[in-house]
Amino acid sequence: MRLVAIGFMALFIAACGSSKKPDEKAFLESLDSAKTGPTIDEEVISSILQQIPSPLEISVLLKESGTKYNAGILNTSENLSKYNSNYKKALNLGVYGTDLGYTNIYEQNQDGLKYLTSIKSLADGLNIGQFFDIETIGRLATNSKNLDSLLLITTQNFNSINHYLQTQSRANLSVLLLIGGWVEAMQITCQVAAKDAKNKELQEKIGEQKIILEQIVLLLSFYKDDGNMASLLKDMEELKGAFDKINITYTYKESTMEIVDGVAVIKDNSTTTINITEQDVEAIRALTNSIRNKIIS
Amino acid sequence: MKKVLFVLTFISLISVGTIELNGQCNPDNFANACIPKLASGFNFLKSYKVDGEGGSKDKVEYSYVFTKGTQYMINLCANGAATDGIVVTLFDSGRNKVATSKINGQFISAIAYPCNATGIYYIQYTFDGSAGKCGGSALGFKR
């Protein structure tokens, strides 16, 4: 009978032992920003967060449109030591994430490795370093043939970090991470557009960010009781003011579909037209630059 | 006898655990399995869990901002080779239907959507005669 009791005890211990990760406590204790909870259900926040597109899409667009690689428009990895609060760490984790994606797309592995080190350091500082597989990414980054795997694993790692933060009821850090990434992607796009003022596609790409900025302002409004978040919200509302001049007209027309090699291929007959001027782009560029400088300084 | 009792108790406990695990939906596994099934040239963006929670949910919905000039692919993975009756339907921000993976009664395992209009889109998963009501999906993009 004693054996049965031991068996039950062993199963009980095994079941209980898997419920809590060892560094979870340290993570929760380490948060120093936005301790005031959001004023809305966190499920709503998660559903808005998941809408924000990956900054990688912008980098792919720039490369495929023939824009040359320019490390000078990125945030230098040497700024890492400036980021001491969790507010700054989360924002700049997003910034460096976008910069890493940009270097990866352009296959600039040496620059990419510097960002990897900075990202790992910031992630460790936020106690989410366990989700960033720096060894695998570093190995993949040494060979340009591994580009697809490199992009896949970095995207998966950032998705895991966001998912973890949201399940830990600390979506505020996830909000900051995504905003940092978006601002950096905006900064890169605006810098490229400034040198190619007649590029209509780039202007439209900037103009359509109005839709994403509206979601960002909404997300930040849930955290306005926190001083840092309130200040960021004020900056983003000012930027939204510049975007308010841009008109996006959507026309729905039923799409058509056909099956090609087992895939349903859609022909989208709907359209959007984005009315944006060079002056609008310049105003947005100046405000984005100002916000980005506050974030990275 | 004590040894026999121990072995039987242990086996029954393990069996209960196994049955429970088999009965549960593990959409993470399906979502992860879907990522490498994105067609060549597509960059992975998101993986989605499709869990009908044993029938208590009749749809699972996510949203994402799709941008003009980008081609997206959404695929489906479920138990077995087919989609097990899981259908993915894409709606625009005005809830107009843009695409579906069920065409003329045929369940298709992937949608390719070259986006022509930037906006928030709803990616909705429904269960049409699905046995497991459990699956996963991946979203990718290419220019």
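Just so you know, these numbers come straight off a predicted model, no measurement behind them.

**Structural notes on the overall build of chain B**
Helices and strands together make up the secondary structure of chain B, namely two helices and ten strands. When the helices and strands of chain B are placed in sequence order, the string is α-α-β-β-β-β-β-β-β-β-β-β. Counting only residues that meet the buried cut, chain B has 43% of its 143 residues in that class.

**Notes on the overall build of chain A**
A tally of regular secondary structure across chain A gives 13 helices and four strands. Across chain A, contacts joining residues at least 24 apart in sequence account for 72% of those joining residues at least 6 apart.

**Comments concerning the packing of helix α3 (residues 42-49) of chain A against helix α11 (residues 209-221) of chain A**
Residue and element names in this part refer to chain A. For the pair α3 and α11, interaxial distance at closest approach is 10 Å and the crossing angle is 160 degrees. By the angle between their directions, the pair α3 and α11 is classed as roughly antiparallel. The way α3 lies across α11 gives a crossing that is left-handed. On α11, the residues touching Ile-45, Ile-48 and Leu-49 of α3 are Gln-215, Leu-218 and Leu-219.

**Description of the confidence of the model for chain A**
Interpreting fine coordinate detail is not advised for predicted regions of low pLDDT. Residue and element names in this part refer to chain A. Averaged over all residues, the pLDDT of chain A equals 88, while 87% of them reach at least 70. Confidence, read as mean pLDDT per element, is least for helix α1 (residues 2-17) in chain A (42) and greatest for helix α12 (residues 227-243) (98). The model gives residues 1-34 a pLDDT under 50, and that stretch makes 31 contacts with residues more than four places away or in other chains.

**What about the sheet that holds strand β9 (residues 119-127) of chain B?**
Residues and elements named next belong to chain B. Within the open sheet, the four strands sit side by side as β2-β9-β4-β5. Their pairing is antiparallel. Strands with a single pairing partner mark the edges of an open sheet, and in this sheet they are β2 (59-66) and β5 (97-100). Neighbouring strand axes in the sheet, compared pairwise and without regard to direction, differ in orientation by 25 degrees on average. One ladder, built from six bridges, connects strand β4 (residues 86-91) with β9; its direction is antiparallel.

**Examining the interface of chain A and chain B**
Listed by partner, the interface residues are 37 residues for chain A and 39 residues for chain B. Of all the elements, helix α4 (residues 56-64) of chain A adds the most residues to the side of chain A that touches chain B, at five residues. Among the residues making up the side of chain A that touches chain B, the classes are represented as 21 nonpolar, twelve polar and four charged. Here two bridges tie strand β3 (residues 263-267) of chain A to strand β8 (residues 110-114) of chain B, and the two strands are oriented parallel to one another. Bridge pairing links A:Val265 to B:Ala112 in β8(B).

Conventions we followed
Residues numbered from 1 in each chain as written. Chains lettered and ligands numbered in written order. Predicted model: local features only at pLDDT ≥ 70, side-chain atom pairs only at ≥ 80, totals over all residues. Helix = DSSP H or I, 4+ residues; strand = E, 2+ residues; numbered from the N terminus. Buried ≥ 20, exposed ≤ 12 C-beta atoms within 10 Å, placed from the backbone. Contact = placed C-beta atoms within 7 Å. Axes fitted to C-alpha atoms, helices over the stretch in contact; angles between N-to-C directions. Parallel < 35°, antiparallel > 145°, perpendicular 65-115°, else oblique. Left-handed = near helix turned anticlockwise from the far one by under 90°. pLDDT = per-residue confidence, 0-100. Pairing = 2+ DSSP bridges. Nonpolar A, V, L, I, M, F, W, Y, C, P; charged D, E, K, R; others polar.

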